[in-house]
Amino acid sequence: GDVHGQYYDVLRLFEYGGSPEDMNYLFLGDYVDRGKNSIETITLLLAFKVRYPENFFILRGNHECASVNRLYGFFDECKRRYNI
């Protein structure tokens with residue numbers, strides 16, 4: 001399902017499913033918007049993709065585009081947290 005910035009739920013997923021070092025993961029998009037920790041969520045997923053490129057796969061969902069980011073909150077989260 002979509003994680004939508006639910007960072008602690010993503011951490012719990014890895015806690016139950018195992019480390020990406022040992023398991024394969026496929027995420028189908030919609031990592032940001034709506035939740036309070038979209039920045040942490042997308043950063044963690046991108047870091048795992050860089051660290052475990054053979055085990056970790058991420059696709060872009062409709063929330064990973066600028067127009068949707070502006071509408072559903074990720075853009076505002078970035079502006080608020082980084083004073084942009």
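Since this is a predicted model, take the numbers as computed values, not measurements. (Residues numbered from 1 in each chain as written. Predicted model: local features only at pLDDT ≥ 70, side-chain atom pairs only at ≥ 80, totals over all residues. Heavy atoms only, no water.)

A. Summary view of unusual backbone geometry. Positive phi is not limited to glycine here, since aspartate 30 has a value of about 60°. Here aspartate 30 shows up in the loop between β1 (25–27) and α2 (38–51). (Helix = DSSP H or I, 4+ residues; strand = E, 2+ residues; numbered from the N terminus.)

B. Main features of the nonpolar core. Phe14, Phe27, Tyr31, Leu45 and Phe56 are the most contacted members of the largest nonpolar core, which has 17 residues in total. At the level of elements, α1 (7–17), β1, α2 and α4 (74–82) are the ones that each hand at least two residues to this core. A per-element tally of this core places α2 first, with five residues. When near neighbours in sequence (up to four residues on either side) are disregarded, phenylalanine 14 contacts Ser19, Pro20, Tyr25, Phe27, Leu44, Leu45, Phe48 and Phe56. (Core = buried A, V, L, I, M, F, W, Y, C linked by side-chain atoms within 4.5 Å. Buried < 20%, exposed > 50% of the residue type's maximum accessible area, 1.4 Å probe, protein only. Contact = heavy atoms within 4.5 Å.)

C. Layout of the environment of phenylalanine 48. Position of phenylalanine 48 relative to the elements: it lies in helix α2. With relative accessibility at 18%, the residue phenylalanine 48 sits in the buried group. Linking phenylalanine 48 and glutamate 21, residues 27 residues apart in sequence, is a C-alpha distance of 8.9 Å. In this structure phenylalanine 48 touches Phe14, Pro20 and Phe56, once residues within four positions along its chain are discounted.

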